[in-house]
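# Structural features, examined
Single-letter residue listing:
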Amino acid sequence: DAGGFMLIRNATLADLAAVAEVERRCFPPKEAATEEEFRARLEAYADCFWLLFEDGRLASFIDGMATDEADLRDEMYADASLHRPDGRWQMIFGLNTLPEYRRRGYAAMLVRHLTEESRKRGKLGVVLTCKERLVPYSASLGFENEGLSSSTHGDVFWYQMRLTFR
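Here goes a summary of the coordinates provided. (Residues numbered from 1 in each chain as written. Predicted model: local features only at pLDDT ≥ 70, side-chain atom pairs only at ≥ 80, totals over all residues. Heavy atoms only, no water.)

So, on to helix α1 (residues 16-26). All buried positions along α1 are accounted for by Leu16, Val19, Ala20, Val22, Glu23 and Cys26. Buried residues of α1 fall within an arc of 160° about the axis and therefore sit on the same side. Looking at the packing, one finds that the buried side of α1 touches α2 (35-45), β2 (49-54), β3 (57-63) and β6 (94-97). (Buried < 20%, exposed > 50% of the residue type's maximum accessible area, 1.4 Å probe, protein only. Helix = DSSP H or I, 4+ residues; strand = E, 2+ residues; numbered from the N terminus. Arc of directions from axis to C-beta. Contact = heavy atoms within 4.5 Å.)

Empty space within the largest pocket amounts to approximately 970 Å³. Lining the largest pocket are 41 residues; nearest its centre among them are Phe27, Leu95, Asn96, Arg133 and Leu134. The set of elements that each furnish at least two residues to the lining of the largest pocket consists of α1, α2, β3, α3 (74-78), β6, α4 (106-120), β7 (125-130) and α5 (135-140). Its residues assigned to classes, the lining of the largest pocket shows 23 nonpolar, seven polar and 11 charged. (1 Å grid on protein atoms, 1.4 Å probe; cavity = no way out; pocket = protein on both sides within 12 Å on 5 of 7 lines; lining within 4 Å. Points joined across faces, edges and corners; volume = space filled by probe spheres on them. Nonpolar A, V, L, I, M, F, W, Y, C, P; charged D, E, K, R; others polar.)

Using the criterion set out here, one finds zero disulfides in the structure. As a non-bridged cysteine, cysteine 26 has cysteine 130 as the owner of its nearest cysteine sulfur, 16 Å distant. (Disulfide = S-S within 2.5 Å.)

Now for the packing of α1 against α2. Where α1 contacts α2, the axes come no closer than 10 Å and their chain directions differ by 130°. Regarding the angle of α1 to α2, the classification is oblique. Handedness of the α1/α2 crossing: right-handed. When α1 is examined against α2, the residues Leu16, Val19, Ala20, Glu23 and Arg24 are found in contact with a partner set consisting of Glu35, Phe38, Arg39 and Leu42. Classifying every residue of the contact of α1 with α2 gives five nonpolar, no polar and four charged. (Axes fitted to C-alpha atoms, helices over the stretch in contact; angles between N-to-C directions. Parallel < 35°, antiparallel > 145°, perpendicular 65-115°, else oblique. Left-handed = near helix turned anticlockwise from the far one by under 90°.)

Right, let's talk about the pattern of salt bridges for a bit. By the definition in use, this model includes 17 salt bridges. One salt bridge connects glutamate 116 with arginine 119, and the closest N-O pair in it is separated by 3.8 Å. Here the residue glutamate 116 and the residue arginine 119 both occupy positions in helix α4, the gap between them amounting to three residues, near one helical turn. Overall, arginine 119 belongs to the partly exposed group, its relative accessible area being 41%. (Salt bridge = Lys/Arg side-chain N within 4 Å of Asp/Glu carboxyl O.)

This brings us to the sheet that holds β3. Across the sheet, four strands lie side by side as β1-β2-β3-β6; this open sheet has antiparallel pairing. Because the sheet does not close on itself, it has two edges, and the strands there are β1 (6-10) and β6. Recorded for the sheet is a direction-independent mean angle of 20° between the axes of neighbouring strands. Pairing analysis gives four bridges linking β3 to β6, with the strands arranged antiparallel. The residue bridging aspartate 63 from the neighbouring strand is glycine 94, located in β6. In the packing of α4 onto the sheet, the strands contacted are β1, β2, β3 and β6, and the crossing angle to β2 comes to about 145°. (Pairing = 2+ DSSP bridges.)

Alternating positions in strand β5 (residues 89-92) separate into two faces, Trp89 and Met91 on one and Gln90 and Ile92 on the other, with burial throughout. In terms of strand pairing, strand β4 (residues 66-67) meets β5 through two bridges, oriented antiparallel. Residue pairing in the sheet places alanine 66 in a bridge with glutamine 90 of β5.

What the five strands build is an open sheet, ordered β4-β5-β7-β9-β8; its pairing is mixed. The sheet is open, and its two borders are formed by β4 and β8 (144-148), each paired with just one other strand. Relative to strand β9 (residues 159-164), β8 is paired through three bridges, and the arrangement is antiparallel. Each bridged residue has a counterpart across the sheet, and for asparagine 145 the counterpart in β9 is methionine 161.

Purely spatial values, then, with no claim about function.
Structure (structure tokens):
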């Protein structure tokens, strides 16, 4: 059940502090991106970074770079210069929803928004990594489990999931 007025828009540098705060609240320190990493991401690919607001408050966001590489590598999280605007694959690095806004469908809305934008931009598909407990959720959004990722980001196991446009 969605709350009040909702808006999805691209992020800007003016959103940096709010984005970093949401990240801190959603991920353990070893997994969370830093404010500096978000600054670099916003400077490199704000057009691949979407925010969802409810009643003017940032409730959820999704971000990731485009690349010609088919697999998500740990280096991509920290090095925004690897972004290729015309890259064939859209990566998802983060999908964050503040705890008080969860179970309203916002994450799914953002994934669908990113997916549709990526399709319009001519991408081959979208790739993300997730923890094992989120594999069924990602599958419910159309992603196929490709098994354990090479990623060791945050010293945890990640599964690579792919949604290929047909």
